[in-house]
Amino acid sequence: EKNDNISGNPEIKTKNTVLIDNQFHREKFPNDDYLHIHSDITLLAIPIINQGVLNGIIYLEKTGEFPIDKYKLDIIKIVITQAGISINNAKIYEQLEEKVSQRSFELRTANENLTETNQILQIQARVADSLNNDLYNTYMKLLNAQKESERDMKMAINVQTNFLPNEKPYSD
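## Some words on the sheet that holds strand E1 (residues 18–20)
Paired through their backbone hydrogen bonds, the strands of a sheet run either parallel or antiparallel.
Now for step 1: Spatially, E1-E2-E3 is the arrangement adopted by the 3 strands of the open sheet, whose pairing is antiparallel. Lying at the two open borders of the sheet, with one neighbouring strand each, are E1 and strand E3 (53–63). Here the average twist between neighbouring strands, direction ignored, is 10°.
Now for step 2: Looking at chain direction, strand E2 (residues 41–50) and E3 are connected through 10 bridges and run antiparallel. Note that in E3 the partner of Ala 45 across the bridge is Tyr 59.
Now for step 3: Helix-sheet contacts for helix H5 (residues 70–163) involve E2 and E3, and the interaxial angle to E2 is about 45°.

Here's what the structure looks like:
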């Protein structure tokens, strides 16, 4: 059974500790049925505060008398302050984990895109290399054909000059 009225208490909302250990303190909560039913409990509600932000409430309850002096309360507050810091650190860690996960996803996506782009570039390089080889081979064939044509032309001029001396040699 939980006492929801304590967490809604103005003192907790203003980040103050609430200690209910006797009838005087119970009178501060006249509408709290839980406290009236359980008149033999000592209750302590301490806000968990870190950097001025209320992160939660530690709710301690004990049946019977549980004297809490200033020294015990100070120790409890120190422990709860550390709890507040731990809660804040856990939130920061969770946020960092989320950012790391998001960045990892972005890096994986970028890496996949780079891999795909690299594959496309490799295909283009192979096509360009193949075209370059084809162009070179075609150029060499044309060059050889030109040389053969020039040789054939010289041979034809030579034949004409030697075998048909009266004919005018062919020229371009």
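## Quick word on the pattern of salt bridges
Where charged atoms from two side chains of opposite charge approach closely, those side chains can pair.
Now for step 1: Applying the stated criterion across every chain, the model contains 2 salt bridges.
Now for step 2: Asp 74 is paired through a salt bridge with Lys 70; the nearest N and O atoms lie 3.0 Å apart. Taken together, the positions of Asp 74 and Lys 70, both in helix H5 and 4 residues apart, correspond to about one turn of that helix.
Now for step 3: The residue Arg 103 makes a salt bridge to Glu 106 at a minimum N-O spacing of 3.9 Å. Of the two residues, Arg 103 and Glu 106 both sit in helix H5, 3 residues apart, roughly one turn of that helix.
Now for step 4: Taking relative accessible area as the criterion, Arg 103 reaches 46% and is therefore assigned partly exposed.
Now for step 5: You can call Glu 106 partly exposed: its relative accessible area is 38%.

Cut-offs and rules
- Residues numbered from 1 in each chain as written.
- Predicted model: local features only at pLDDT ≥ 70, side-chain atom pairs only at ≥ 80, totals over all residues.
- Heavy atoms only, no water.
- Pairing = 2+ DSSP bridges.
- Helix = DSSP H or I, 4+ residues; strand = E, 2+ residues; numbered from the N terminus.
- Axes fitted to C-alpha atoms, helices over the stretch in contact; angles between N-to-C directions.
- Contact = heavy atoms within 4.5 Å.
- Salt bridge = Lys/Arg side-chain N within 4 Å of Asp/Glu carboxyl O.
- Buried < 20%, exposed > 50% of the residue type's maximum accessible area, 1.4 Å probe, protein only.

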